[in-house]
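# Residue-level structure breakdown
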Amino acid sequence: MKKIAVVGTGYVGLTAAAYLADRGNRVVGVDIDADKVAQLNQGILPIVEEGLDAVVNRGITSGSLTFSTDTIKVVQDVEIVFLCLPTPMGEGGEADLSYVLGVAAQIRDVLRPGAIVVNKSTVPVGTAAKVTTAMGRDDVYVVSNPEFLREGSAVYDMFNPDRVVIGARSPEAARRIADLYKSDCSDIMQMSPEQAELVKYASNSYLAMKLSFVNMMSNLAERMGVDVHRVLEAMGADHRIGEAFLKPGPGWGGSCFPKDVQALLYMAELMGVPMELLVNAVDINERQIASTVNRARDMVGGDLQGRTVAVWGLAFKAGTDDVRDSPSHRVIELLQMQGAKVVAFDPAVGKTPFEVARAETALEACVDADILLVMTEWPEFGKVNLMNVARLMRYPRVLDMRAVLGRDELARHGFMFETVGHGVPMHALV
Ligand code: UGA
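Residues numbered from 1 in each chain as written. Predicted model: local features only at pLDDT ≥ 70, side-chain atom pairs only at ≥ 80, totals over all residues. Heavy atoms only, no water.

Of all residues adjacent to the ligand, which total 20 residues, the nearest are Leu-149, Glu-151, Asn-204, Cys-256 and Lys-317. In the environment of the ligand, a nitrogen atom lies 2.9 Å from a nitrogen or oxygen atom belonging to the backbone of Lys-247. With respect to the ligand, the backbone of Gly-253 contributes an N or O atom lying 3.0 Å from an oxygen atom. When residues of the shell around the ligand are traced back to their parent elements, those giving at least two are helix H9 (193–224) and helix H11 (257–271). With 3 residues, H9 is the single largest residue contributor to the shell around the ligand. Across the shell around the ligand, the residue classes break down as 10 nonpolar, 2 polar and 8 charged. (Near = heavy atom within 4 Å. Polar contact = N/O pair within 3.5 Å; in protein donor to acceptor, adjacent residues only side chain to side chain. Helix = DSSP H or I, 4+ residues; strand = E, 2+ residues; numbered from the N terminus. Nonpolar A, V, L, I, M, F, W, Y, C, P; charged D, E, K, R; others polar.)

Attention shifts here to the environment of Ala-16. Examined against the element boundaries, Ala-16 turns out to sit in helix H1 (residues 11–22). Given a relative accessible area of 0%, Ala-16 falls into the buried group. Apart from the residues lying within four places of it in its own chain, the contact partners of Ala-16 are Lys-120 and Met-158. (Buried < 20%, exposed > 50% of the residue type's maximum accessible area, 1.4 Å probe, protein only. Contact = heavy atoms within 4.5 Å.)

Let us look at the layout of surface pockets. In this approach, a probe sized like a water molecule rolls over the atoms, and the result shows the empty space that is left. Roughly 1000 Å³ of volume is contained in the second largest pocket. Taken together, 41 residues make up the lining of the second largest pocket; nearest its centre are Gly-10, Cys-84, Leu-85, Pro-86 and Arg-324. When residues of the lining of the second largest pocket are traced back to their parent elements, those giving at least two are H1, helix H5 (98–107) and H11. (1 Å grid on protein atoms, 1.4 Å probe; cavity = no way out; pocket = protein on both sides within 12 Å on 5 of 7 lines; lining within 4 Å. Points joined across faces, edges and corners; volume = space filled by probe spheres on them.)

Because each turn of an α-helix spans 3.6 residues, side chains separated by three or four positions end up pointing in the same direction. Among the residues making up helix H13 (residues 327–337), those that are buried are Pro-327, Ser-328, His-329, Val-331, Ile-332 and Leu-335. Among the structural elements, helix H12 (276–299), strand S9 (308–312), strand S10 (341–345) and strand S12 (371–374) are those in contact with the buried residues of H13. Phi for Gly-339, located one or two positions after H13, is positive at around 90 degrees.

Once that is clear, we can look at the nonpolar core. Core analysis: the biggest nonpolar cluster contains 49 residues, and Val-311, Trp-312, Leu-335, Leu-372, Leu-373 and Val-389 have the highest contact counts within it. Elements represented by at least two residues in this core include exactly H12, S9, H13, S10, helix H14 (362–365), S12, helix H15 (386–392) and strand S13 (397–400). Apart from the residues lying within four places of it in its own chain, the contact partners of Val-389 are Trp-312, Leu-363, Cys-366, Leu-372, Val-384 and Phe-415. Ala-17, Leu-52, Ile-116 and Val-164 belong to the second-largest nonpolar core, a separate cluster that totals 42 residues. (Core = buried A, V, L, I, M, F, W, Y, C linked by side-chain atoms within 4.5 Å.)

All right, on to the sheet that holds S12 then. Across the sheet, 6 strands lie side by side as S11-S10-S9-S12-S13-S14; this open sheet has parallel pairing. Two strands close off the open sheet at either side, each with one partner strand: strand S11 (357–358) and strand S14 (416–419). (Pairing = 2+ DSSP bridges.)

Another aspect to go through is empty space enclosed by the protein. Enumeration according to the criterion identifies 1 cavity of 30 Å³ or more in this entry. Reported here for the largest cavity is a volume of approximately 40 Å³. As for the largest cavity, its lining consists of Asn-119, Ser-121, Thr-122, Val-123, Ser-144, Pro-146, Ala-196, Glu-197 and Lys-200. No other element matches the 3 residues that H9 contributes to the lining of the largest cavity. Looking at the lining of the largest cavity, its residues break down into 3 nonpolar, 4 polar and 2 charged.

So far we have only geometry, and geometry alone does not tell us how the molecule works.
What follows is the structure, given as structure tokens:
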């Protein structure tokens, strides 16, 4: 049983804190937001994350998990401090380290000798060294332990990691951090802090690139009248390629990929190393988002002015209420700029930081719509009765950018429709 502080209770910090408490440690989650801390102490979660509620409440009930706003008081009593702080994108695409370095400076004088400060935030190569300098303590260890949690599956990922990456100069510190995870992971990879920091950017950038490739292939296949989904399935069956991350869509987004890709590009530019593949991946993604709007525009006859567009899905993917850098947000803005009236429905997203009319149900969003645009792959969208949708719309048109609606059913109910990655059936071309 170790005493641990987790500074920052966003989805990474909260999931890590709950996991560590569940594995028998005494954990205090620290946050500057007093309302959030008060709510968390009552077991009320600020985010939607499958299964997190149960693990957090288990920790609170057993007394192994508590929350506080008092960083200094908490930190002086623990042997490990996890930093799970935001690293937003700065002006030029570089990661903004002010939160991480700010907390490092705040806690430096109160840490116990032998304490380990663990960076879980996504930070540029060299940050562990900067944190070490900011602390100015040769009796305190700094370790890099990037997280690979996906929003929506964070709890599953935390308890079932593919690998755990630990970047440490000191083998002793590495061993103490590895001990925290060894019951759930057989692949604990030790390396230098710089390597660990780079793994995170390289992984996210690779995945973003894979998705841009998929969207590029999907566009080509559609144009050739080929259904790309089966092609991708067959590609994914090759274990060197892998079946994950092969679904075409309206473009990738979220709080991590866009920011991390830009940060890696920024680092590469500083080093004078060209990164064409990644630059192109970003361009392809921008085009995918813009072309979603163009497709909708073409489907309604070439002009969005005065058209009503129903949008299903605001979150950047299913299973989360997060709209940060969501393709749906981008698409809605472009639709509105071209004069369309947008009515959106999302089963999880509450208040949005942007203006958009909201419907209470998926069906209500379709009332008098000229086109329905599916932007998030919420499984419930596939269960909505399409006959009712057709009846409510001004004209039964669908652009499904997640391929969640049944094409046969769309055809049966008389929709004019396009679904991402599905070409015109070959027989229709001959
Ligand atoms: C991503 C990584 O997957 C995590 O490993 C990482 O820890 C996290 O960023 C982070 O840096 O914190 P996340 O942002 O939650 O996780 O989202 P993903 O599930 O990776 O999805 C990213 C985007 O790709 C979404 O817009 C999603 O809709 C899109 N996507 C994903 C597709 O369009 N097709 C796919 O087949 C998969």
